[in-house]
Amino acid sequence: MAEIVAHSAAGMARRRGTRDFLVFILAGDLYAVGLTRIREILSPPPITPVPRAKPAVIGVCSVRGLLVTVMDLRRRLHVEEQPLTRRARILLVEAQSGEVVGLMVDEVRHVARLADSEIEMATSLLGGDVSEHVIGIGRPVGDVVVLLNLSTIVSA
Amino acid sequence: MSRILLVEDSFSMRAFVRSALESGDTLFTGVEVVEASSGFDALRLLPRGPYDLVITDINMPDINGLELVRFIRKSDQHKNTKVLLISTQSSDKDRERGMSLGADAYLAKPFSPESLREEARLLLARVTE
Amino acid sequence: MTDPTDKAREEFFSEAQEIIETLSKNLLALDASLREEFSDPGLVNEAFRAVHTLKGLAGLFGAASMGMLSHRLEDVLDALRLGRIELTPSILDVLFQAVEVYGKVLAAEKDPDEDAAPLVEAMLAEFDRIGAGATRDQSPTAEYDLDPGLLAVLTEYEEHRLRTNIENKMRLYRLRVQFDLATIDKALEEMKERAKRHGEIITYLPTGETASVDSIELDLLLASQDDLAMLIGALGADNVVIEEINRRNATVMPGTIKPAPMLRSRATSLPGKDEELQPLRMGDDTGLEASGSLKSLTQTVRVDIHKLDHLMNIVGELAIVRGALASISERLREEGERQLGAELQRLHRSFDRRLSEMQDGILEVRMVPLGQVFDRLARVVRQISRELSKEIRLVITGADTEIDKLIVEELSDPLMHMIRNAIDHGIESIQQRQEVGKPAAGTIALNAFQKGNHVMIEIEDDGRGIDEQALIERAIKSRKIASSDAKELSREEVLNLIFLPGLSTREEAGDLSGRGVGMDIVKTNISKLGGVIDVHSEAGIGTKMTITLPITLAIVSALLIRVGGQVFAVPLSSVSEALAFDASGVHVVDGREVMTLRGATLPLCRLDRLLRVQDPAAAGMRRFVVVASMGTRRLGLIVDHLYGQQDIVIKPLGRSLADVRGFAGATDLGDQHVGLVLDVGALIEEVLTGSELSRERKMYADG
């Protein structure tokens, strides 16, 4: 089907062997998730705690009328929870179920386009304790970015 | 301001075409796109013309694009209307029939937004002369 | 400048989804027709059309896999409709598989992290195995005396259909029909339905000859086995002229289409209405059954449910404004401004009326037919019945019953669980059924209807029914009830044991059980939607589950309260009264705090403790008791503060919070704040049952 012209930008990126990631900070370290499922990035609105929810759940909030469950990504990954500053942001992501869930992070950095060559998949990482949520490590020019699996993070 | 009637039963296709027509500065006259989702809808909308350009898919259930072309060509009101046929590329027969019925141009799917804009621009340009 | 492809991409996903669903429905119909042993050639054609359209869209939007899949599937379907391949159940299986793969491919288009390539490869291999890729035959249409003008406007596709019919020795007819442009959709649908019973409609051709600007004349090309007389009898009417298109060497019929006069523009005079030839009348209406609801496709608007939510929010906020208006008019009157107060009051009333109307209007727009979810279930039934080698007959009624779109979304999982249970545990094997004289195929009946402000959904099977004894034993084993109390349970209470958590039959054979199809989750999900579920069963005869749901997650009146520093809403329909809390009136009975209210004992619940929300600032302050009730059970909720009544829109909590008990959802409180809505039923159950259970355990342990 060579005649079919690819118009999809993401598809084209994939064909060129690169993927876009949103890089952010948790407990001082760099993390990232695939850009495609991120719907929006916002400053935290008032969040209502949900009694008896799992510890990682901060609460629910309203985004232009849409009810969103907000999770503390630091708690989810069991990393240090420093007090949130004005730079904290909520990443609105689309879970597999279609539900929009919010992930609270310390700070959002930038979008990085990583080539396959700059990514080391988790399976090849030697030693210890690789969390189920880590897909791999990205090394764009000098940085070390932990690539996270959005699907496992927002499920369960 | 050019008036375009877009006849196509697939709504995402309509969105694609509308988007292609409305973006870009090549259609300097500005466009007003009216959508019809079936041949019948087109028949209902045609009397509200005349339209400068009718873009129609060929393969639609009920009244197909070829029948629509013939109908338009019989209409006094639309004697200056240009007709652009769009359809799946595999049918040369459709193309021949369409052109012999009086269509002005034919675009085979899949086409890029640029091709569509270019065709539309060429067809509409004659109108303003 | 955004690439138009990207902007329209959402529409593409949406339309692709719709087409896949239509295809699925279509295949189900084919499945049914296979079993009943009649065939509707139109069905395979429809499937072909759907795939053909998908192919075109896929090409346009750069969805390569989808394009490839569609291209090859199209070949298979083409071979099927031309009769080169016979449609058998196993071929149908392959087609169903293709639908699944389509779903995965679409998901992969939306999310490049997903990879459907191996699935597609496998699917294409299947297609190869079936041996599609047949070449198209050329067969003479010249045998028939068709007006070359007619042939010239047939698309290649339509010509195919024509050829096929000719090959099958069908007769060709032209029906010339006059329609009113204003009502053409409905009239044409009716015509189509009638004509379809006699054959296949190849195409519609506007003749270009009309008596007026408001009417249109169409030629329908019909291929049929019936003879002219029969067709005239069935389809004839004042505005219909039927002619047969004969083969050559027979009389040349007046079938040629004359070059038509130009359409008259409005300026010139039209024939007067009284001398009008064919007013629209489709013959006798008796005996004509319009199929279902004839909603004209061109008159519907596709709406994103989020837009409706947005509108709903605005209505909710306007309701707050309305409340404020009311209180201001009160104050004006109190402060002696009677005139102003009365005027404002009038305004308020009129505002209120309009707001209610708008609310109703929007709610109506959110309604969708349950058929949406029922169709999905039909596919599941087919899949499971094959997996388990059971024969299942699914009967669906009331698919037109409408309910709020958001409820429908949340219903498919619970319904699927229930059906899985019914097929796995309820329906016996073919052999077992025959042994007890039941038909080999088990029946599952899905029925839905509206009852007042509620929608009832019934799922009934004619299987073996619930084994009450086994259920009791399991409950005792899992320590949910004491064996001594087991005898005291009424039949209804026994059956309701299935809703206890942790009771799922993991030890039983059948790999479906392992998938966590706990009825407790089903019940929780249903109650989150504001509904209840009842179960009836007769051993050997079958089981029936009835779900009662509110028609919509409507705007409800609620009581706003504060507990532990947080604002919550309690639906007023579950509140009987609220009063000041007198701590001295509390005494303890069987380990539970209660108070006496007008002679009756009212169990109490300290909400702050139950929800584990503490507010040190509230200590020592005056508290209140909100008497919540559900059915015959009551519970007094101790809260810190009563704000008052407010209309709210309850939004369901997301799946991510499915494990949290006690909340029916959340609502906007204005100014971006969100308040949780209490699920009174769940709370009552949690508190009261908990106390009963602990009482049981105490007794069990003692003796």
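Residues numbered from 1 in each chain as written. Chains lettered and ligands numbered in written order. Predicted model: local features only at pLDDT ≥ 70, side-chain atom pairs only at ≥ 80, totals over all residues. Heavy atoms only, no water.

### A word on the overall build of chain C
- Per the secondary structure count, chain C includes 20 helices and 22 strands.
- Counting every position in chain C, which comprises 703 residues, the buried fraction comes to 48%.
- In chain C, once contacts between residues fewer than 6 apart in sequence are set aside, the share between residues at least 24 apart is 70%.
- For chain C, the computed accessible surface area is about 34600 Å², with 51% contributed by carbon and sulfur atoms. (Helix = DSSP H or I, 4+ residues; strand = E, 2+ residues; numbered from the N terminus. Buried < 20%, exposed > 50% of the residue type's maximum accessible area, 1.4 Å probe, protein only. Contact = heavy atoms within 4.5 Å. Areas by Shrake-Rupley, 256 points an atom, 1.4 Å probe, with all protein chains shown as cover.)

### Some thoughts on the overall build of chain A
- When you go through chain A residue by residue, the secondary structure sums to 3 helices and 11 strands.
- Traced from its N-terminal end to its C-terminal end, chain A shows the element sequence α-β-β-β-β-β-α-β-β-β-β-β-β-α.
- For chain A, contacts bridging at least 24 residues in sequence account for 52% of all contacts bridging at least 6.
- Surface accessibility of chain A: about 7600 Å² in total, with carbon and sulfur atoms responsible for 53%.

### Regarding the sheet that holds strand E2 (residues 199-206) of chain C
All names here are of chain C.
- Pairing within the open sheet is antiparallel, and its 4 strands lie in the order E2-E3-E1-E4. Of all the strands in the sheet, the pair left with one neighbour each is E2 and strand E4 (240-245). For this sheet the average axis-to-axis angle between neighbouring strands, irrespective of direction, equals 25°.
- As judged from the 7 bridges shared by E2 and strand E3 (residues 215-224), these two strands associate in the antiparallel manner. Counterpart to Leu205 in the pairing with E3 is Asp219.
- On top of the sheet, helix H8 (residues 184-196) reaches strand E1 (171-180), E2, E3 and E4; it is set at about 160° to E1, its chief contact.
- Helix-sheet contacts for helix H9 (residues 228-235) involve E1, E3 and E4, and the interaxial angle to E4 is about 160°. (Pairing = 2+ DSSP bridges. Axes fitted to C-alpha atoms, helices over the stretch in contact; angles between N-to-C directions.)

### Digging into the side chain of Gln178(C)
- By secondary structure assignment, the location of Gln178(C) is in strand E1.
- Here Glu217(C) takes part through its side chain, which lies 3.4 Å from a polar atom of the side chain of Gln178(C). (Polar contact = N/O pair within 3.5 Å; in protein donor to acceptor, adjacent residues only side chain to side chain.)

### What about the pairing of strand E22 (residues 673-678) of chain C?
All names here are of chain C.
- With 5 of 6 residues buried, E22 lies mostly within the body of the structure.
- Bridge count for strand E13 (residues 566-571) against E22 is 2 bridges, and the pairing is parallel. Its bridge partner lying in E22, Phe568 is registered against Leu676.
- Relative to E22, strand E21 (residues 663-670) runs antiparallel, the two sharing 6 bridges. Looking at the pairing, Thr667 lines up with Gly675 of E22.

### Looking at unusual backbone geometry
- In this structure, Arg52(A) is a non-glycine residue whose phi angle is positive, near 70°.
- With respect to the helices and strands, the residue Arg52(A) is situated in the loop between strand E3 (38-42) and strand E4 (57-63).

### Description of the sheet that holds strand E17 (residues 600-606) of chain C
Residue and element names in this part refer to chain C.
- The mixed open sheet is built from 6 strands, whose spatial order is E14-E18-E19-E17-E16-E15. If you trace the sheet from one side to the other, it starts and ends with strand E14 (575-580) and strand E15 (586-589), each paired once. For this sheet, the mean inter-axis angle between neighbouring strands, taken without regard to orientation, is 35°.
- The pairing of E15 with strand E16 (residues 592-597) spans 4 bridges and is classified as antiparallel.

### Brief notes about the confidence of the model for chain C
Residue and element names in this part refer to chain C.
- When pLDDT is averaged along chain C, the result is 77, and 81% of the positions lie at 70 or above.
- Per-element confidence in chain C ranges from a low mean pLDDT of 62 for helix H20 (residues 680-702) to a high of 93 for E13.
- Contacts for the low-pLDDT stretch residues 133-140, under 50 throughout, to residues beyond four places or in other chains number 12 contacts.
- Confidence drops under pLDDT 50 across residues 249-298; counting only partners more than four residues distant or on other chains, this segment forms 77 contacts.
- Here the complex is predicted with pTM 0.46, and the ipTM for its interfaces comes to 0.85. (pLDDT = per-residue confidence, 0-100.)

### Digging into the interface of chain C and chain B
- Taken together, the contact between chain C and chain B spans 50 residues of the former and 43 residues of the latter.
- Around 4000 Å² of area is buried between chain C and chain B when both sides are counted, 60% of it from carbon and sulfur atoms.
- Ionic pairing is found between Asp9(B) and Arg49(C), a salt bridge with its closest N-O pair at 3.9 Å.
- Viewed at the interface, chain B and chain C are joined by 6 residue pairs in polar contact (both at pLDDT 80 or more).
- No other element matches helix H1 (residues 4-36) of chain C, which puts 9 residues into the side of chain C that touches chain B.
- Across the side of chain C that touches chain B, the residue classes tally to 26 nonpolar, 10 polar and 14 charged. (Buried area = accessible area lost by both parts, 1.4 Å probe. Salt bridge = Lys/Arg side-chain N within 4 Å of Asp/Glu carboxyl O. Nonpolar A, V, L, I, M, F, W, Y, C, P; charged D, E, K, R; others polar.)

### Notes on the packing of helix H4 (residues 89-110) of chain C against helix H5 (residues 117-130) of chain C
Residue and element names in this part refer to chain C.
- Packing of H4 against H5 leaves a shortest axis separation of 10 Å and a crossing angle of 155°. Our classification of the angle between H4 and H5 gives roughly antiparallel. Between H4 and H5 the crossing geometry is left-handed. Note on element contacts: H5 touches H4 through Leu119, Val120, Met123, Glu126, Phe127, Arg129 and Ile130, opposite Ile91, Val94, Gln97, Ala98, Val101, Lys104 and Val105.
- Its residues assigned to classes, the contact of H4 with H5 shows 10 nonpolar, 1 polar and 3 charged. (Parallel < 35°, antiparallel > 145°, perpendicular 65-115°, else oblique. Left-handed = near helix turned anticlockwise from the far one by under 90°.)

### Quick word on the pattern of salt bridges
- Inspection of every chain in the model, using the stated rule, returns 47 salt bridges over all chains.
- Residue Glu107(A) is joined to Arg109(A) by a salt bridge in which the shortest nitrogen-to-oxygen separation is 3.5 Å.
- Residue Arg109(A) is classed as partly exposed on the basis of its relative accessible area, which comes to 46%.
- Arg9(C) is the partner of Glu109(C) in a salt bridge, and the nearest nitrogen-oxygen pair spans 3.2 Å. With Glu109(C) in helix H4 and Arg9(C) in helix H1, the pair connects residues that are 100 residues apart, well separated along the chain. Of the two residues examined, Glu109(C) and Arg9(C), each falls in the buried class.
- In the salt-bridge network here, residues are joined through shared partners; they are Arg14(B), Arg18(B), Glu22(B) and Glu35(B).

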